[in-house]
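# Remarks on the overall topology
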Amino acid sequence: MSGGAADDPYDVVVVGAGVVGCAVARALARYPLRVALVEAADDVGEGSSKANTAILHTGFDAVPGTLEAGLVRAGHRLLGAYAAEAGIPVEPVGALLVAWDEEQRAALPGLAAKAARNGHHTTRLLGAAELRRREPHLGPGALGALAVPGESVICPWTTTLAYATQAVRSGVRLLLGRRVTAVSGAPGGPHRLSTTRGPLTARFLVNACGLYADRFDALLGVQDFAVTPRRGQLLVYDKPARALVRHILLPVPGPLGKGVLVAPTVYGNVLLGPTAEDLTDRTATGTTAEGLAGLREQGARIVPALVGEEVTAAYAGLRAATGREDYRCAARPALRYVTVGGIRSTGLSASLALAEHVLGLLAECGLRTGPERPLAPVRMPNLGEAFPRPYRDAAAVARDPGFGTVVCHCEHVTRGEVRAALASDVPPAGLDGLRRRTRAGAGRCQGGHCRPALQALFEEHRRSAGRRRYGKDGGAR
Amino acid sequence: MRHEGTREERAARAVDVLVVGAGPAGLAAAARLAAAGAGRVEVLEREPEAGGAARLCAHPGFGADRRGRPLDGPGYAGRAVRAAVRAGAAVRTGVSVTGWAGPLVLETTAPTGLEAVRARAVVLATGARERARPARLLPGTRVRGVLTAGELQRTVALFGPRPERIGQRAVVAGDGPEAGHAVRLLRRAGVAVVAVVGEGPRAAVRAGGVPVLAETAVTEVTGRGRLAGVAVRGRDGRPRTVGCDTLVLTGDWVPEHALARAGGLPLAPGGRGPLVDGALRTAVPGVFAAGGLLHGGEPAARAAAEGRAVATAVLAHLGGGAPRAAEGLPVETSGPLRWVHPGLLGPAPAPLLLQAEHTLVRPLLTVRQDGRVLHRGRPAGVLPAWRSLRLDARWTRGADPGGGPVVVDVRE
C-alpha cells in the first residue's frame, strides 16, 4: 500500500461499493473533488446488489409521499435513460399483478389508485380472459390482473459495474478489500478511518454500507435504526422457460403475506422468488430445503409448466429492512456525515436518484463541490439477450477471432469477452466476478464445463498483467 | 433466436449431412454415413477436441482395440475420431451451433466466422450433462468446492492430478459407476475421499476401502467461501454432518437439449430428450437424434451403436421418398421410471430402453395397451437407478397400430 495517497485527505469517502455507493461515487465524480470508494469485499456489488430480483421498478406500489416513492419514481426514469447510454440491458416487459382469489381481485382498484397517487396513471385492470390472452401459460384460477406498464427487467451486475467504471474513469479511487474498522478525528477536523489495509482521511463521509449501515453509524456514535436482514431465496430456470413468461408476474400484497414473483431475466431465463425471511445473521445467504420447496410449490401454481423446466441457479440475497416502510437517509452536518440506509429492495431502481439526493445531503453538511464537468463516457459489454452479443456479431469475430471462440457454451460467452473483462477498468477478483461481468459459468451447467478453462484464462491474465498492476495502485484494485 | 442483430452477416454453405456433436454417437453416425457415400458429412464439435465425454474418462471400460488391449476413454475417443475422418467425414472442432435459421439450417459461431449451414439431414448428437448443484435443488451456502464428476475430470485434464486444484477431503455423491471412477480419480490426484454417499440400497461402488453410506442423501452443504461439510440423512432419518472441503456430484444425467428445443422439437416425457421413433427420427422431417441426448449416462458403446442405427435412417431419408417425421404409438411410463426410449413405437419393431428413478429390487415390468397386457416379466434381480434396461422388440408385434398409447409400468 503506497503511503502517499493515504496521507492526502479525501474530500469525500464513500463507504460501501454496492449499487448505491457506486452511484454516489459516480455522481461525486462530476465535480473536481478527491473521492474514494471503499469496500470491504474484493469486488463491487458483492452484497445485496448481486442477489436481487433484477427489476427496474416504477415505484407504483410505494407508500405515497415517502422518500422511497419519490426516489424510485425519479430513479426509474434516470436509470432507463442511463441504461440506453451505457449499454445496460433493460427490457420493458411490464408487470401484471395477478389476482388469484376474490379478495385479491377486490384489492386491484385500490392498488391502481395508489399507483395514481404515486404519479403512475397508465395502470389498467384486466379481466380473466384478457389476462389469459396476454399470459397464456398462467395457471388455472387467475381472476384478473392490474397491468403496470414501465416495470422492466434489468441487469443488476452491469448497472453497478457501469457506475463503478465511470467513477473510476472519472478519477474516483476504488479501494476494494478494505473494511473500515474505526472512525476517529478531532471535532471539526477530518475523519480518520482505520481500515484493514491502512488509514484514510476524509473531510466528508458517506455511509452506503447496506446491511451494515447501522454498524457503520455506530462507528460515528450514531444510533438511528437497526438493520434486520430479510432473506430472499430465488430460483432461476433455464432458457426454454423464457417462452412461458411474457411479463413480470407480481403477487397482490395481502393479509396472508407476500407471495412470490415470476419474472423474465435479461439473460433469457425466468426468475422465481423471493422468499421473505427475517433473520439476525447478516451473512446467511444460503438457501434452505424448505425455502426452495416453497418456491417451487408457488411457482407451480403461477406457471405450472415451470415445474418441468430445469433449474439453472438457486441463490439467496439479504435486504436491509429497518422496520420502517421507507429509506433512512440522513445528513449530519456536525459530523459532515451522510447515511444512506434502509434501502430495502428498491436500491437498484432508485440508485441514480438516491445519488442526487445524497449530493443534496452532502451540501447540507457543507460540501462545496465546485463546477460540474462531464463524466468520462462508459459503454458496457452487453449481457442481454435482447441486444446483439459478440457470438452473433460477424464484424466482432472478423476483428478478433477470440469473439468467435465460445468458452461458456451454456451462455455463449466468448474468449474475447472474458479477456476484455479481465482487462477492464474494474476487473474481477475471481471467477464469481467474471461471471457477473460476462455470464461465463452462469448457465445450466453452472461452470461444470468451462470453470477449469476460465480459471486458466484468469491465471494467464494475472501472470501477464502482474507487473503492470504492481506498478500502479499498490494492488488496491 | 429472438434477436436478429443487424451486424449478423453469415456465410451460407450447404452440406449433405450435418452432425452436431463429436461424441461416440455423432462420430459413429458420421463414419457410417461417409463410408456409405452420403456425400459431404460434417461433424461440428464445440469443444477444442473431438471425442465427447469419453475423452475425459481416463480409465478402462471402453472395450478393446484390435489386438485385444483394453481401451480407456481417450483411446476409445481417438479411435472413433480416426474412424470418422478415415471414412471421409469432416470433423470440425471449436465450432458452436447456436441456433436454427430454418428447419434444416444451423447457425454456427467459430473463430473463422459465422455461418448458416444448410443440410439435407441433421443429426443431433449433443449428448448429456450431469445436473449441477442447483438443478439437484441441493440447498445451503454458495461455496467453492462443489463440482460434478465432469468438472473434476476437466480440472485434472487441464491442471494435472494436483490436490491444490481440487481439495483435501472429498465426499462423492452417487452410486453409479461414475462414483467409483470419481473416487479413483480423486485418490490419483492426492485427495482423501472420506465417504461415498449413495441413495441406493446397496453399495454398487467399488470404493476401495472408502466408507459407503448407502440409502443416504446429501441434504445440505455448509461453509463460508469454501465448503466445510455436507449434511447427510440416512434411512433412519437422522441427519449428520460429514466434514469435507470438496463434494463431487456424480450421475443424474440430463440431455443437452437446448438446441433441440430451440428448434421447437417436442420432447419425450420423462427423459426430456427430443421425442423420436424407433428409426430415431424427430418431429421435424430430416432431423434425427442419437446418443446421450436421448438417454444420458449410458456406456459409450451404446451411444455408438445408436449412431450407427441413426445412420441407417439418415441414408433412407437421403435415398429419396417423401421426408417423414417421427411416427408411431406414444410410449408412456407408469411407476418409478425415469424414462423410456424411444417415445414413439414405430415404424419397425425396436427394443425399448428404460431407466428407473431409483434402484428397484426384483421389479415387475408390465407393458399394456388399452388395458391389454402385451408383455409381463421380472427382467432383473436388482435394477440400479444408473443402469438402463433393454426390453427386446418381440412383444411389439402384439401392439395395435390403431390403438391407444403403450404404457410401460414398473413396480417392485
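Quick caveat: nothing in here was measured; it's all calculated off a predicted structure.

## Thoughts on the UniProt feature "domain: BFD-like [2Fe-2S]-binding" (unreviewed entry) in chain A
Within this numbering scheme, the UniProt entry marks residues 406–460 of chain A as carrying the feature "domain: BFD-like [2Fe-2S]-binding" (unreviewed entry). With 47% helix and 9% strand, residues 406–460 of chain A has its two end C-alpha atoms placed 18 Å apart.

## Here we look at the state of the cysteines
Each disulfide consists of one covalent bond between the sulfur atoms belonging to two cysteines. Residue and element names in this part refer to chain A. One pass over the full model with this rule turns up zero disulfides over all chains. There is no disulfide at Cys329, and the cysteine sulfur nearest it, in Cys365, is 12 Å away. By relative accessible area, Cys329 is classed as buried at 19%. The structure places no disulfide on Cys445, whose sulfur is separated from the nearest cysteine sulfur, that of Cys410, by 3.8 Å. The class of Cys445 is buried, set by a relative accessible area of 7%.

## Let's talk about the domain arrangement of chain B
All names here are of chain B. Along its sequence, chain B is carved into domain 1 (11–129 + 253–326), domain 2 (132–249) and domain 3 (333–341 + 343–411). Here domain 1 and domain 2 have C-alpha centroids that lie 31 Å from each other. Every contact between the two is made by seven residues of domain 1 and, on the other side, six residues of domain 2. Overall, the association of domain 1 and domain 2 removes approximately 540 Å² of surface from exposure, summing both partners, and the carbon and sulfur fraction of that is 51%. Seen at the junction of domain 1 and domain 2, the total is zero salt bridges. At the surface where domain 1 touches domain 2, the tally comes to one residue pair in polar contact (both at pLDDT 80 or more). In the side of domain 1 that touches domain 2, the residues fall into four nonpolar, two polar and one charged.

## A look at the domain arrangement of chain A
All names here are of chain A. You can read the domains of chain A as domain 1 (6–89 + 153–227 + 322–382), domain 2 (95–149 + 229–318) and domain 3 (390–471). Contact with domain 1, which involves 12 residues of that partner, is made by seven residues of domain 3. Summing both sides of the interface, domain 1 and domain 3 together bury roughly 980 Å²; the carbon and sulfur share of this comes to 57%. The largest per-residue losses of area from domain 1 upon contact with domain 3 belong to Asp43, Trp157 and Leu161, which jointly make up 47% of the total buried on that side. Viewed at the interface, domain 3 and domain 1 are joined by four salt bridges. Taken together, the connections running from domain 1 to domain 3 amount to four residue pairs in polar contact (both at pLDDT 80 or more). Tallying contributions element by element places helix H6 (residues 156–169) first for the side of domain 1 that touches domain 3, with six residues. Here the side of domain 1 that touches domain 3 is composed, by residue class, of six nonpolar, one polar and five charged.

## Observations concerning the sheet that holds strand S29 (residues 406–411) of chain B
Residue and element names in this part refer to chain B. The strand order S22-S20-S29-S25-S26 describes an open sheet built from five strands, whose pairing is mixed. Because the sheet does not close on itself, it has two edges, and the strands there are strand S22 (344–345) and strand S26 (372–377). Here strand S25 (residues 364–369) pairs with S26 via five bridges, running antiparallel. Across the sheet, the residue bridging to Thr366 is Arg376, located in S26.

## Quick word on the packing of aromatic side chains
Going through the model one piece at a time under the given rule, you end up with four aromatic pairs over all chains. Judged by centre distance (5.6 Å) and plane angle (40 degrees), the rings of Tyr82 of chain A and Tyr163 of chain A are tilted. A residue pair is termed long-range when its members are at least 10 positions apart, and Tyr82 of chain A in helix H3 (residues 67–86) and Tyr163 of chain A in helix H6 qualify at 81 residues. Look at Phe62 of chain B and Tyr76 of chain B: their rings are 5.7 Å apart centre to centre, the planes differ by 45 degrees, and that puts the pair in the tilted class. Of the two residues, Phe62 of chain B sits in strand S3 (residues 60–64) while Tyr76 of chain B sits in helix H2 (residues 73–87), which places them 14 residues apart along the sequence. Across this residue pair, the class does not change: Phe62 of chain B and Tyr76 of chain B are buried. When the ring centre of Phe159 of chain B is taken as origin, the NZ or CZ atom of Arg165 of chain B, which lies over that ring, is 3.8 Å away.

## Observations regarding the environment of Ala420 of chain A
Residue and element names in this part refer to chain A. For Ala420, the location among the structural elements is in helix H11 (residues 415–422). On the basis of relative accessible area, Ala420 is assigned to the partly exposed category, the value being 44%. Put simply, Ala420 and Arg437 are 17 residues apart on the chain and 9.6 Å apart in space, counted from C-alpha to C-alpha.

## Overview of a positive patch on the surface
Residues and elements named next belong to chain B. A cluster of basic residues, Arg66, Arg79, Arg82 and Arg86, forms a positive patch at the surface. Among the secondary structure elements, Arg82 is positioned in helix H2. For Arg82, a relative accessible area of 49% translates into the label partly exposed.

## Section: the pattern of salt bridges
Applying the stated criterion across every chain yields a total of 55 salt bridges over all chains. The partner of Arg124 of chain A in a salt bridge is Glu130 of chain A, and the shortest N-O contact between them spans 2.8 Å. By relative accessible area, which is 23% here, Glu130 of chain A ends up partly exposed. A salt bridge links Glu42 of chain B to Arg13 of chain B, with the nearest nitrogen and oxygen atoms 2.7 Å apart. Here the residue Glu42 of chain B occupies a position in strand S2 (residues 41–45), and Arg13 of chain B occupies one in strand S1 (residues 11–20), the gap between them amounting to 29 residues. Classification of Glu42 of chain B by relative accessible area gives buried; the value is 0%.

## Topic: empty space enclosed by the protein
Residues and elements named next belong to chain A. The tally for this structure, following the rule as stated, stands at five cavities of 30 Å³ or more. Considering only enclosed or pocket space, the largest cavity measures out at about 360 Å³ in volume. Elements supplying a minimum of two residues to the lining of the largest cavity: H6, strand S18 (311–321) and helix H12 (431–438). Looking at the lining of the largest cavity, the element that brings in the most residues is S18, giving three residues.

## Focus: unusual backbone geometry
The omega torsion of the bond from Gly273 of chain A to Pro274 of chain A falls at -5 degrees, within 30 degrees of zero and hence cis. Phi at Arg272 of chain B is positive, roughly 65 degrees, even though this residue is not glycine. Inspection of the secondary structure assignment puts Arg272 of chain B in the loop between helix H5 (258–262) and strand S19 (287–289). The backbone phi angle of Leu280 of chain B is positive, close to 65 degrees, even though this residue is not glycine. Along the polypeptide, Leu280 of chain B turns up in the loop between H5 and S19. Since its relative accessible area comes to 4%, Leu280 of chain B is described here as buried.

## Observations regarding the environment of Pro304 of chain A
Residue and element names in this part refer to chain A. Here Pro304 shows up in the loop between helix H8 (289–302) and S18. Residues Pro304 and Thr158, 146 residues apart in the sequence, show an inter-C-alpha distance of 31 Å. Residues in contact with Pro304, not counting those within four places in the same chain, are His137, Leu138, Gly139, Pro140 and Gly299.

Rules used throughout
- Residues numbered from 1 in each chain as written.
- Chains lettered and ligands numbered in written order.
- Predicted model: local features only at pLDDT ≥ 70, side-chain atom pairs only at ≥ 80, totals over all residues.
- Heavy atoms only, no water.
- UniProt positions renumbered as here; feature names shortened; annotations may be inferred.
- Helix = DSSP H or I, 4+ residues; strand = E, 2+ residues; numbered from the N terminus.
- Disulfide = S-S within 2.5 Å.
- Buried < 20%, exposed > 50% of the residue type's maximum accessible area, 1.4 Å probe, protein only.
- Domains from an automatic or database assignment.
- Contact = heavy atoms within 4.5 Å.
- Buried area = accessible area lost by both parts, 1.4 Å probe.
- Salt bridge = Lys/Arg side-chain N within 4 Å of Asp/Glu carboxyl O.
- Polar contact = N/O pair within 3.5 Å; in protein donor to acceptor, adjacent residues only side chain to side chain.
- Nonpolar A, V, L, I, M, F, W, Y, C, P; charged D, E, K, R; others polar.
- Pairing = 2+ DSSP bridges.
- Phe/Tyr/Trp six-rings, centres within 6.5 Å; stacked < 30°, edge-to-face > 60°.
- Lys NZ or Arg CZ within 6 Å of the ring centre and 35° of its normal.
- Patch = residues over 30% accessible without salt bridge, like charges linked within 9 Å, V, L, I, M, F, W, Y side chains within 5 Å.
- Areas by Shrake-Rupley, 256 points an atom, 1.4 Å probe, with all protein chains shown as cover.
- Lys, Arg positive; Asp, Glu negative; His and termini not counted.
- Charge placed at Lys NZ, Arg CZ, Asp CG, Glu CD.
- 1 Å grid on protein atoms, 1.4 Å probe; cavity = no way out; pocket = protein on both sides within 12 Å on 5 of 7 lines; lining within 4 Å.
- Points joined across faces, edges and corners; volume = space filled by probe spheres on them.

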